[in-house]
Amino acid sequence: GRLKDIHQAARLTANIDLMLAFADLAESDAYCRPQCEDSLDLQITGGRHPVVEQLLDRDFIPNDTHLDGTDNQVLLLTGPNMGGKSTYLRQVALITLMAQAGCFVPARSARIGITDRIFTRVGASDNLARGESTFYMEMSETAHILHQMSRRSLVILDEIGRGTSTYDGLSLAWAITEFLNAGDGPRPRTVFATHYHELTELEAELVGLVNLRLEVKEWEGKIIFLHAVGPG
């Protein structure tokens, strides 16, 4: 007869446990209190990836993110493999999710305009056992995102068009970018990492598309990944 009481006690204990864990994490890892509001701004200063920074034996290089629904609607991110594109994409999504879950976030400051959904197409999730190719999976997942996204969504895309020939892949990535930015569409806040450098030409054509790149430099014949995101 006391089952209902036990369930309620367990639920309340779980809530306390979660809040204490959030508080402990915020204190130990210098998280900040995010501001969640009704705008379409997504401003992160000194953002970090909550998991990757725990695994590094050196300091994590923090990065800023400046998204809104107008002048900075699509961030097009280029840079070499291993430069940190995927980490940057994931940290933007995670900080947004953590803030809306009521947790402090790994950043110096964060202002998060409420997001209805976070859509991601990251990495290859082949379903070869079911006979579906990487390319088919990538296209069906991307189509799903393009149909479902709204003005309030956050869209995170990583290297779309990889699973086919270079020319076809570039054409697809180009068309998807134009669709995400189209004036008569929902125009969600988007971060799109690509290895098709030709897409950077779109910055001159599309209002609200901003080029970003991961900084690299050469030193004594070696490539040094700076893991810092900058304009260009």
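Here's what I pulled together on the structure shown here. (Residues numbered from 1 in each chain as written. Predicted model: local features only at pLDDT ≥ 70, side-chain atom pairs only at ≥ 80, totals over all residues. Heavy atoms only, no water.)

**Side note on the overall build of the chain**
Part 1: Looking only at helices and strands, the chain has 5 helices and 10 strands in total.
Part 2: Taking the principal axes of the C-alpha coordinates as reference, the chain spans close to 65 × 45 × 40 Å.
Part 3: Counting only residues that meet the buried cut, the chain has 42% of its 232 residues in that class.
Part 4: Contacts in the chain between residues far apart in sequence, at least 24 positions, make up 71% of those at least 6 positions apart.
Part 5: For the chain, the exposed surface amounts to about 12,500 Å²; the carbon and sulfur share of it is 56%. (Helix = DSSP H or I, 4+ residues; strand = E, 2+ residues; numbered from the N terminus. Buried < 20%, exposed > 50% of the residue type's maximum accessible area, 1.4 Å probe, protein only. Contact = heavy atoms within 4.5 Å. Areas by Shrake-Rupley, 256 points an atom, 1.4 Å probe, with all protein chains shown as cover.)

**Regarding helix α1 (residues 3-28)**
Part 1: Compared with an ideal rise of 1.5 Å per residue, which puts 26 residues at 38 Å, α1 spans 37 Å between its outermost C-alpha atoms and is within 8% of the ideal.
Part 2: Directly beyond the C-terminal end of α1, a positive phi value near 55° is found at A30. (Expected span 1.5 Å × (residues − 1).)

**A short note on the nonpolar core**
Part 1: Within the largest apolar cluster, 29 residues are counted, with the highest numbers of intra-cluster contacts made by Y88, V105 and V191.
Part 2: Only α1, β2 (42-47), β4 (74-78), α3 (85-100), β5 (109-113), β7 (154-158), β8 (189-193) and β9 (209-219) provide two or more residues apiece to this core.
Part 3: At 7 residues, α3 tops the list of elements feeding residues into this core.
Part 4: Ignoring any residue separated from it by four or fewer positions in sequence, one finds V191 in contact with L67, L75, Y88, L89, V92, V155, I156 and L157.
Part 5: Grouped together as the second largest cluster of nonpolar side chains are 20 residues, M149, I160, Y196 and L206 included. (Core = buried A, V, L, I, M, F, W, Y, C linked by side-chain atoms within 4.5 Å.)

**So, a negative patch on the surface**
Part 1: A surface patch of like charges, here negative, comprises E178, E198, E201 and E205.
Part 2: Relative to the assigned elements, E198 resides in the loop between β8 and β9. (Patch = residues over 30% accessible without salt bridge, like charges linked within 9 Å, V, L, I, M, F, W, Y side chains within 5 Å. Salt bridge = Lys/Arg side-chain N within 4 Å of Asp/Glu carboxyl O. Lys, Arg positive; Asp, Glu negative; His and termini not counted. Charge placed at Lys NZ, Arg CZ, Asp CG, Glu CD.)

**What to know about unusual backbone geometry**
Part 1: If you check the backbone angles, E159 has positive phi at about 55° while not being a glycine.
Part 2: The phi dihedral of R187 is positive, around 50°, even though this residue is not glycine.
Part 3: With respect to the helices and strands, the residue R187 is situated in the loop between α5 (166-181) and β8.

**Some points on the side chain of T115**
Part 1: Position of T115 relative to the elements: it lies in the loop between β5 and β6 (118-121).
Part 2: For T115, a relative accessible area of 5% puts it in the buried group.
Part 3: At 3.4 Å, the side chain of T115 and the side chain of R189 are in polar contact.
Part 4: For T115, the residues in contact, after removing those within four places along its chain, are T96, Q100, R152, S153, L154 and R189. (Polar contact = N/O pair within 3.5 Å; in protein donor to acceptor, adjacent residues only side chain to side chain.)

**Points about the sheet that holds strand β1 (residues 35-37)**
As a general point, the strands of a sheet are linked pairwise by backbone hydrogen bonds and lie either parallel or antiparallel.
Part 1: With respect to topology, 4 strands assemble into an open sheet ordered β1-β5-β2-β3, the strand pairing being mixed. What marks the edges here is a single partner per strand, and that holds for β1 and β3 (63-67). Neighbour-to-neighbour, the strand axes of the sheet open up by a mean angle of 15°, direction not taken into account.
Part 2: Sheet topology places β2 next to β5; 4 bridges connect them, and they run antiparallel. Bridge assignment links L42 to a residue of β5, and that residue is I112. (Pairing = 2+ DSSP bridges. Axes fitted to C-alpha atoms, helices over the stretch in contact; angles between N-to-C directions.)

**Let's talk about the pattern of salt bridges**
Part 1: Applying the stated criterion across every chain, the model contains 9 salt bridges.
Part 2: Measuring nitrogen to oxygen at the nearest pair gives 3.3 Å for the salt bridge that ties E37 to R111. Taken together, the residues span a long stretch of sequence, with E37 in strand β1 and R111 in strand β5 at a distance of 74 residues.
Part 3: Of the residues examined, E37 reaches a relative accessible area of 21% and is grouped as partly exposed.
Part 4: Here R152 and D38 are joined by a salt bridge, their closest N and O atoms 3.4 Å apart. Here D38 lies in the loop between β1 and β2 and R152 lies in the loop between α4 (134-148) and β7, a separation of 114 residues in the sequence.
Part 5: Through salt bridges that share partners, E37, D41 and R111 make up one connected network.

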